[in-house]
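Now for the letters of each chain:
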Amino acid sequence: MNIYQQKSCLEILNKLAENPCYRMFSDPPTSQPSKECQRPLYLNFIKSKLEVGMYDSTREFVFDVRTVFRNVEKSNSCGEYKKLGAKLLFLKFEEMIANGHITQSELDCNLFVISNEIKNLEESIQKPPPNSPKTKEMPASFILHEKVDVPTTKQLQAALRILNEPSLIIQAAIFALEKQKGCVSIGQTIDFHFRIMKSQTKIDLYTFIINKLKEVAVSGKK
C-alpha cells in the first residue's frame, strides 16, 4: 500500500467517524466476542494498522472493515441498535468505495479532489443564496412569528416511545446530535440527555419526531 492509498483509506475512516454510530465499533467490545466472530475487529484497531503501515494492499483494508460489520451481522449477542448502526456505516463505506475514495497515485488523488470540488460547486449552485427565504427549513415559530412551547422531557420521551422503530430512533439521535453536540450518547444503547438539551434543540427534535410519525402514518395508510 503506497502513501496515497494509505492516506485515502484513513480519510475514509475519518469520514465514517463523523457518524455518531462509529463509536459503537471504534473500540473493543466490553463483552466477550461471540463464537460467530472468528476475527474480532474494531475500527480504531484498523486505523492503527493503517497508520503504522501494516496493510500491504487496499484489499486487505477493505476486507477488515467489512469484517467488522459482518461480525455484527452474524452475532446473536448484538442488539438491534448496534446492527442498524453497522448497516448504516456499512452502506456509507460501500458508497465511498464505489465512488472511488481509495486513490492509487498522486494523479488519482488530485483528480479525485478536483472532481469533488466540481461536485460541491454544482451542488452550491443549485442551492438558494444564504439570504434567500427558506420557508420550508425555517422553524414554525419563525414563520408564524409565534412563540412555540418547549416540549417537556416527558413529552419527548413519550414521542420517542411512540416512534418505537429502532431505525427511526437512530435517525432522531443523529438529528439531535447535528443540532447540539453531546446531547445524545450512542453506544450499546441510545441515551437522550434532555437535561442538557437547549430549548431550540428540544423543539427541533420534537418537530422531527412528529414529522416522522406523520410519515409512518401516511405510509401505513397506503
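Residues numbered from 1 in each chain as written. Predicted model: local features only at pLDDT ≥ 70, side-chain atom pairs only at ≥ 80, totals over all residues. Heavy atoms only, no water.

(A) Here's a closer look at the overall build of the protein chain. In terms of regular secondary structure, the protein chain is built from nine helices and two strands. Taking all 222 residues of the protein chain together, the buried fraction comes to 35%. For the protein chain, the share of sequence-separated contacts (at least 6 apart) that also reach a separation of at least 24 residues comes to 63%. Surface accessibility of the protein chain: about 14,600 Å² in total, with carbon and sulfur atoms responsible for 53%. (Helix = DSSP H or I, 4+ residues; strand = E, 2+ residues; numbered from the N terminus. Buried < 20%, exposed > 50% of the residue type's maximum accessible area, 1.4 Å probe, protein only. Contact = heavy atoms within 4.5 Å. Areas by Shrake-Rupley, 256 points an atom, 1.4 Å probe, with all protein chains shown as cover.)

(B) How the structure looks around the pattern of salt bridges. A full pass over the atoms with the stated rule returns three salt bridges. Across the salt bridge formed by D64 and K49, the nearest N and O atoms sit 3.0 Å from each other. Placement of the pair is D64 in helix α3 (residues 58-74) and K49 in helix α2 (residues 43-51), with a sequence separation of 15 residues. The burial state of D64 is the same as that of K49; both residues are buried. (Salt bridge = Lys/Arg side-chain N within 4 Å of Asp/Glu carboxyl O.)

(C) Quick peek at helix α8 (residues 166-179). For α8, which comprises 14 residues, the first-to-last C-alpha distance of 20 Å matches the rise-based estimate of 20 Å (1.5 Å per residue) to within 8%. In terms of residue burial, α8 counts as a mostly covered element, since 10 of its 14 residues are buried. Listed as buried for α8 are P166, L168, I169, I170, A172, A173, I174, F175, A176 and L177. (Expected span 1.5 Å × (residues − 1).)

(D) Just the packing of helix α4 (residues 80-98) against α8, in detail. Remark: α4 packs on α8, axes separated minimally by 10 Å, with the N-to-C direction vectors making an angle of 65 degrees. When the interaxial angle is binned, α4 and α8 end up roughly perpendicular. Like other packed secondary-structure pairs, α4 and α8 cross with a definite hand, here right-handed. Of α8, the residues touching α4 (which contributes E80, Y81, L84, G85 and L88) are P166, S167, I169 and I170. Along the lines of polarity and charge, the residues of the contact of α4 with α8 split into six nonpolar, two polar and one charged. (Axes fitted to C-alpha atoms, helices over the stretch in contact; angles between N-to-C directions. Parallel < 35°, antiparallel > 145°, perpendicular 65-115°, else oblique. Left-handed = near helix turned anticlockwise from the far one by under 90°. Nonpolar A, V, L, I, M, F, W, Y, C, P; charged D, E, K, R; others polar.)

(E) The packing of aromatic side chains, seen in detail. Per the counting criterion, the structure on display carries seven aromatic pairs. For the ring pair Y55 and F61, a centre distance of 6.2 Å and an interplane angle of 80 degrees mean the geometry is edge-to-face. An identical accessibility class is assigned to Y55 and F61; each is buried. For the ring pair F175 and F208, a centre distance of 4.4 Å and an interplane angle of 15 degrees mean the geometry is stacked. Of this pair, F175 sits in helix α8 while F208 sits in helix α9 (residues 199-221), and the two are 33 residues apart along the sequence. Exposure remark for F175: the relative accessible area of 18% places this residue in the buried category. Here F208 falls in the buried class, since its relative accessible area comes to 17%. By way of ring pairs, the aromatic residues F25, F69 and F90 are connected into one cluster. (Phe/Tyr/Trp six-rings, centres within 6.5 Å; stacked < 30°, edge-to-face > 60°.)

(F) Looking closely at the environment of M54. Topologically, M54 is positioned in the loop between α2 and α3. Once the C-alpha coordinates of M54 and M1 are considered, the two residues, 53 residues apart in sequence, prove to be 8.9 Å apart.

(G) Summary view of the confidence of the model for the protein chain. The share of residues in the protein chain with pLDDT of 70 or more is 73%, and the mean pLDDT across the chain is 77. Averaged over each element, pLDDT in the protein chain is lowest for helix α6 (residues 140-144) (39) and highest for α2 (92). Segment residues 134-147 is flagged for pLDDT under 50; beyond a separation of four residues in sequence, or across chains, it makes nine contacts in the model. (pLDDT = per-residue confidence, 0-100.)

(H) Representation of α3 within the structure. With 17 residues, α3 extends 24 Å between its outermost C-alpha atoms, agreeing within 8% with the 24 Å of an ideal straight helix rising 1.5 Å per residue. Those residues of α3 that are buried lie in contact with α1 (3-17), α2 and α4.

(I) Spatial organisation of the nonpolar core. By size, the foremost hydrophobic cluster in this structure holds 49 residues, and its most contacted members are F25, F61, V184, F192 and L205. If sequence neighbours within four positions are ignored, V184 has contacts with R23, A173, A176, L177, I190, D191, F192, H193 and M197. (Core = buried A, V, L, I, M, F, W, Y, C linked by side-chain atoms within 4.5 Å.)

(J) Structural detail: the side chain of D64. Since its relative accessible area comes to 3%, D64 is described here as buried. Separated by 3.0 Å, the side chains of D64 and K49 make a polar contact. Not counting residues up to four positions away in its chain, the partners in contact with D64 are R39, L41, I46, K49 and Y55. (Polar contact = N/O pair within 3.5 Å; in protein donor to acceptor, adjacent residues only side chain to side chain.)

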